[in-house]
Amino acid sequence: MANSYLNRTTGSPTNSAIWTLSAWIKRSSLSGSQKFFAAGSSSTDRTEMYFAGNTGEFYIYRNISGSTIELGSTRMFRDTSAWYNFVVQNNNGTVAVYVNGETVSISNSTSLGTNKINNASTAHYIGRQVADTSQNFDGYMSHVSFVDGSVVAPTVFGETDSTSGIWKFKSPSGVTWGNNGFHLKFENSGALGTDSSGNTNTFTVNGDLKQALDTPSNVYATGNPLNQPHSDYALTQGNNTITLGGGTEKKAGSATMGVASGKWYWEVKFLSQSAESYCTIGISGASDLESGTAGSQSTDYFYRGQNATLKNNGGATSYGATWGAGDIIGVALDCTSAQNTLTFYKNGATQGAINITSVASTPNGVYLPSVGKEASAVPVFNFNFGNGFFGTTAITSAGSNGNGSLFEYDVPSGYYALNTKNINTYG
């Protein structure tokens, strides 16, 4: 979460000039400078690693008594639906950067020189910058590892899958961690700063940090910040809270994962609405989000809360009960048959199955979980794709049939959460 970070002050290093950092990162916000690892005491006594604003280049910045160095990547990292494994090696001031096992070119010198990382008695931060908290990292992290005194290859932290060719997580083993080394797995929800390296270099947790089921080994759907239906559209809380701003534009916001087959379930908690607004929850064909009001296309199916109707192809028919602020709408999408079905649930109670157009008839052959509005309002929605949270609030009590995912209400038999493992197995 953007208001959260971890910190620890280092002891005496094994070798302050030689170290390796590995971090698995999934970005959420693409705005502002996103600092994810830093060390130092002030704006003129710091070393920081960050992503640059909307462009997404990776940077290492050093400022020591006004002497500044900035090393920047020539690649951009803007995919908010995927995990990246960043490995940064520092060998006596010479830096090498790897992402998903591949060397990343640096646009200027690779010499960082003397810096603040791995110095004795120095504050180190994960998820924020040194000077203040205005540029905290907004996204997900997993398996953040630091090795003091050794240059460690990326293959210690990841490996190429023999079938897919995709870089995947590998638990580090045989590592000599050094005095300041640590391995944060984030596996204990009550103690997320716990060091698993054997050094007990545990970090202090600050802010509203939450544990997620979304990991490098199993990626969950979130809201998609690259789908910008209008200028006031905003995503927060790990891209699972969507605000459709006060403008007059009425398009929908969607998720990062679309589906072409299988049976899928997710939940949306509606936080607020204006009295005059038509706020909607449903699905849309992929390219339909780019044109017209939510529900105006033949492959749009949106459940409207104000007047209990289903919006499709520009028309509305009576459907289900009204819903409003505080209600949780479950969505069950069946793409297994030629005549697909869609069922909405209000606070766990079915509102009835709807026959929908075959997924093969959608513009790009998928349906996307979506939310929308049809008036000048500022509706706020919280997606739960199975991580067990609405925003930063945990579900009240987990329903059944989650198959490892966490939902407020019982998942219909045979339906699954939208994540990569399930799509690979049941999609």
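Here, the structure is the one placed above.
Quick caveat, the model's predicted, so the values are computed rather than measured.

Draft legend 1. Up close: the pattern of salt bridges. One pass over the structure, following the stated rule, counts five salt bridges. Of the charged contacts in the structure, one is a salt bridge between Arg 46 and Glu 48, with a shortest N-O distance of 2.9 Å. An identical accessibility class is assigned to Arg 46 and Glu 48; each is buried.

Draft legend 2. Inspection of the packing of aromatic side chains at higher detail. On inspection of all chains with the given rule, the structure shows 29 aromatic pairs. Look at Tyr 50 and Tyr 59: their rings are 5.4 Å apart centre to centre, the planes differ by 15 degrees, and that puts the pair in the stacked class. Centre to centre, the rings of Tyr 303 and Phe 344 are 5.2 Å apart; their planes meet at 50 degrees, and the pair counts as tilted. Separated by 41 residues along the polypeptide, Tyr 303 in strand S21 (residues 300-304) and Phe 344 in strand S25 (residues 340-346) bring together distant segments of the chain. Classification of Tyr 303 by relative accessible area gives buried; the value is 0%.

Draft legend 3. Examining the sheet that holds strand S14 (residues 182-184) more closely. Ordered in space as S9-S8-S7-S2-S11-S14, the six strands form an open sheet in which the pairing is antiparallel. The sheet is open, and its two borders are formed by strand S9 (102-103) and S14, each paired with just one other strand. In terms of strand pairing, strand S2 (residues 18-27) meets strand S11 (residues 139-148) through eight bridges, oriented antiparallel. Bridging across to S11, Ile 25 finds its partner in Met 141.

Conventions and cut-offs
Residues numbered from 1 in each chain as written. Predicted model: local features only at pLDDT ≥ 70, side-chain atom pairs only at ≥ 80, totals over all residues. Heavy atoms only, no water. Salt bridge = Lys/Arg side-chain N within 4 Å of Asp/Glu carboxyl O. Buried < 20%, exposed > 50% of the residue type's maximum accessible area, 1.4 Å probe, protein only. Phe/Tyr/Trp six-rings, centres within 6.5 Å; stacked < 30°, edge-to-face > 60°. Helix = DSSP H or I, 4+ residues; strand = E, 2+ residues; numbered from the N terminus. Pairing = 2+ DSSP bridges.

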